[in-house]
Amino acid sequence: MKRMSAEHQNSINKSKEKIAKPVLLAVLIAFFALFPLFVRSPYYLHILSLTFIYTVAAVSLRTITISGQFPLAHGAFMGIGAYLSALMAKFWGWLPLLCIPLSALATAVIGMLVGFLFSRLRSLHYAVGSLFFGIGVIYIIYAFPCTGGYTGMMGIPRLFQTADKMPYYYFFLVLALISIVALYRFEFSHIGTILKAIAQSHLVASSVGINEAWYRVLVNGVGCFFVGLIGAGYAHYNMAMSPTAFDFMATLWLCMYVLIGGITSFAGPIIGTFFLFLLPEFVRDLQEYSPYFSALLLLIVIFFMPRGLVSLPALLKSYFLKRGEGERISNVSGS
C-alpha cells in the first residue's frame, strides 16, 4: 500500500511539473510582452534588448556543444553575420529586413564549411582550431577598409526609421522566442538525439552507420545560422560596430553564460545570460567589478553547482527535504 501511495504521489508531482513549466513560460512571455507598456525607460528597454540578443547567441553556442564539440569562435560568427548584413545594407542599399536573413544563411554556410574543414578534430583540438579561426576572422575585418578597420564601421542603416527603443525591443523579443523554440525543437528532435549519441561516443555512433562527421557539420551550421541572425539584427540596432565586440572576449562571455547557467540543460544559457546581464543593474555602482563577480560566480558554480544555476531549485529542494527528514528522525528518537 505504501509503495502504491508513493508511486501515486510521484505521478501527481510529475503532473504538477508538466503543468507548472508551460504556465511559468506563459507568465514570463506575458511579462516581457507587457513590460514596455509600464516601463518606458529607453535604458531598460536597451538592456533587455541586449539580453535577448545575447540569449540567442548563448543558446546557439550550447546547441553546437550537444555534439560533443566546444567552439571558441562563436563571437566571430556573430561578427560575420553582423558585418555581412551591414555591408549589404550600406553599400548595396538593400533593406535591413532582407539583409538579416541573407547574412544568417551566409553565416550558416561559412559555419558548415569550417565544420567540414575541422571535421576530423575533436574536443581540445577542435576548440583550439576554432579559436584560431575566430582570431583570423577579426584580423580579416581589420584588413578591409569597407569594414572600417580598427576604428570600426559606422553609418549602418537602421532597422526601423525611429530612435524609439520599443520597436527594437519587440523585434528582438520575437526573434529570441522564434530562435529559442526552433533550437529547442532541433535539440529534442531525432537529429538532436543522434548528436547526443555522437557526443557520448563517436566510435559507437559510426559503428552503427551514423555519419557522425556530417551531423557535426550540420549542427555547426544550425548554431552559426542563429548567431549570425542575431548578430545581423544587432548591427542594424547599434548602427556602429567595432571588431572588438566579436573577438575572443565576446566568445568567452558567451561561454560564461552557458557554463554559469548550466551547459547540461537547455534553459541553462537563458538563465545564465539573464542573470549576468540583469544582476549588475541592481548594483549599478559596482558595475566596474562585474568581470570579477562573474569569475567568482563561475568558481562557485563549478565547485558547488556543477550543473549550473538551473540546478539550484533542485538542490534547495533536496536540502530542505533532507533537513526535514533529519528533524523528523530526531523528534522520533527523542520521544
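The coordinates are above.
Residues numbered from 1 in each chain as written. Predicted model: local features only at pLDDT ≥ 70, side-chain atom pairs only at ≥ 80, totals over all residues. Heavy atoms only, no water.

Chemist: Outline the overall build of the protein, listing residues and values.
Modeler: Summing up its helical and strand segments, the protein has 13 helices and two strands in all. In the protein, 77% of the contacts between residues at least 6 apart in sequence involve partners at least 24 apart. Of the roughly 18300 Å² that the protein leaves accessible, carbon and sulfur atoms contribute 71%. (Helix = DSSP H or I, 4+ residues; strand = E, 2+ residues; numbered from the N terminus. Contact = heavy atoms within 4.5 Å. Areas by Shrake-Rupley, 256 points an atom, 1.4 Å probe, with all protein chains shown as cover.)

Chemist: Summarise the layout of surface pockets; cite the residues concerned and give the values.
Modeler: By volume, the largest pocket is sized at about 1600 Å³. Contributing to the lining of the largest pocket are 34 residues, with Lys21, Leu24, Ala267, Ile271 and Val310 lying nearest its centre. At the level of elements, α1 (2–38), α2 (42–65), α6 (165–187), α11 (268–282) and α13 (312–334) are the ones that each hand at least two residues to the lining of the largest pocket. Per-element accounting of the lining of the largest pocket gives the leading share, nine residues, to α1. Classifying every residue of the lining of the largest pocket by side-chain character gives 26 nonpolar, three polar and five charged. (1 Å grid on protein atoms, 1.4 Å probe; cavity = no way out; pocket = protein on both sides within 12 Å on 5 of 7 lines; lining within 4 Å. Points joined across faces, edges and corners; volume = space filled by probe spheres on them. Nonpolar A, V, L, I, M, F, W, Y, C, P; charged D, E, K, R; others polar.)

Chemist: Run through the packing of helix α7 (residues 190–200) against helix α9 (residues 212–238), naming residues and quoting values.
Modeler: Where α7 meets α9, the closest approach of the two axes is 10 Å, and the angle between their N-to-C directions is 115°. For the crossing formed where α7 meets α9, the hand is left-handed. Packed against α7, whose contacting residues are Ile191, Ile194, Leu195 and Ile198, the element α9 presents Glu212, Tyr215, Arg216, Leu218 and Val219 at the interface. Within the contact of α7 with α9, the residues separate by chemical class into seven nonpolar, no polar and two charged. (Axes fitted to C-alpha atoms, helices over the stretch in contact; angles between N-to-C directions. Left-handed = near helix turned anticlockwise from the far one by under 90°.)

Chemist: Please provide a residue-by-residue account of the packing of helix α3 (residues 74–91) against helix α4 (residues 96–117), values included.
Modeler: Axis separation between α3 and α4 bottoms out at 8 Å; the angle between their running directions is 140°. By the angle between their axes, α3 is oblique relative to α4. Classified by chirality, the crossing of α4 by α3 is right-handed. In this structure, α3 uses Phe77, Ile80, Gly81, Leu84, Ser85, Met88 and Ala89 to contact α4, whose residues at the interface are Cys99, Ile100, Leu102, Ser103, Ala106, Thr107, Ile110, Gly111 and Val114. Taken together, the residues of the contact of α3 with α4 break down into 11 nonpolar, five polar and no charged. (Parallel < 35°, antiparallel > 145°, perpendicular 65-115°, else oblique.)

Chemist: Account for the nonpolar core, with residues named and values stated.
Modeler: Phe52, Met78 and Met241 are the most contacted members of the largest nonpolar core, which totals 81 residues. At 13 residues, the largest contribution of residues to this core is made by α9. Residues in contact with phenylalanine 52, not counting those within four places in the same chain, are Phe32, Tyr169, Phe172, Leu173, Ala176 and Phe274. (Core = buried A, V, L, I, M, F, W, Y, C linked by side-chain atoms within 4.5 Å. Buried < 20%, exposed > 50% of the residue type's maximum accessible area, 1.4 Å probe, protein only.)

Chemist: Explain the side chain of serine 49 to me, using residue names and the numbers behind them.
Modeler: Inspection of the secondary structure assignment puts serine 49 in helix α2. For serine 49, a relative accessible area of 1% gives the class buried. A polar contact is formed between the side chain of serine 49 and the backbone oxygen of leucine 45, at a distance of 2.8 Å. For serine 49, the contacting residues outside a window of four places in its chain are Tyr168, Tyr169, Phe172 and Tyr237. (Polar contact = N/O pair within 3.5 Å; in protein donor to acceptor, adjacent residues only side chain to side chain.)

Chemist: Help me get a handle on α6, residues and values and all.
Modeler: In a regular helix each residue adds 1.5 Å, so 23 residues correspond to 33 Å; α6 covers 32 Å between its end C-alpha atoms and thus fits that length. Two or three places before methionine 166, at the start of α6, stands the capping residue aspartate 164, its side-chain oxygen 3.3 Å from that residue's backbone nitrogen. (Expected span 1.5 Å × (residues − 1).)

Chemist: Give me the lowdown on the packing of aromatic side chains, citing residues and values where you can.
Modeler: Tallied over the full model, the rule gives 27 aromatic pairs. Ring geometry for tyrosine 168 and tyrosine 237: centres 5.1 Å apart, planes at 55°, overall tilted. Highlighted residues: tyrosine 168 in helix α6 and tyrosine 237 in helix α9, separated in sequence by 69 residues. An identical accessibility class is assigned to tyrosine 168 and tyrosine 237; each is buried. An aromatic cluster of at least three residues, connected via ring pairs, comprises Phe31, Phe32, Phe35, Phe52, Tyr169, Tyr170 and Phe274. Positioned over the ring face of phenylalanine 188 is lysine 196, at 4.5 Å from the centre of the ring. (Phe/Tyr/Trp six-rings, centres within 6.5 Å; stacked < 30°, edge-to-face > 60°. Lys NZ or Arg CZ within 6 Å of the ring centre and 35° of its normal.)

Chemist: Tell me what's going on with the side chain of threonine 51, and back it up with residues and numbers.
Modeler: As for its position among the elements, threonine 51 is in helix α2. Overall, threonine 51 belongs to the buried group, its relative accessible area being 0%. Of the polar contacts made by the side chain of threonine 51, one reaches the backbone oxygen of isoleucine 47; its length is 2.7 Å. Setting aside its immediate chain neighbours within four residues, threonine 51 contacts Thr273, Phe274, Phe277 and Leu278.

Chemist: Please set out the pattern of salt bridges residue by residue, giving values where relevant.
Modeler: For the structure on display, the rule yields four salt bridges. As a salt-bridge pair, arginine 62 and glutamate 187 come within 2.6 Å of each other at their nearest N and O atoms. Residue arginine 62 is located in helix α2, and its partner glutamate 187 is located in helix α6; the two are separated by 125 residues in the primary sequence. Here the two residues arginine 62 and glutamate 187 agree in accessibility, since each one is buried. Taking the shortest distance from any N to any O, the salt bridge between glutamate 212 and arginine 216 comes out at 3.0 Å. Taken together, the positions of glutamate 212 and arginine 216, both in helix α9 and four residues apart, correspond to about one turn of that helix. The exposure classification of glutamate 212 matches that of arginine 216, with both residues buried. When salt bridges with common partners are traced through the structure, they connect Arg62, Glu187 and Lys196 into a single cluster. (Salt bridge = Lys/Arg side-chain N within 4 Å of Asp/Glu carboxyl O.)

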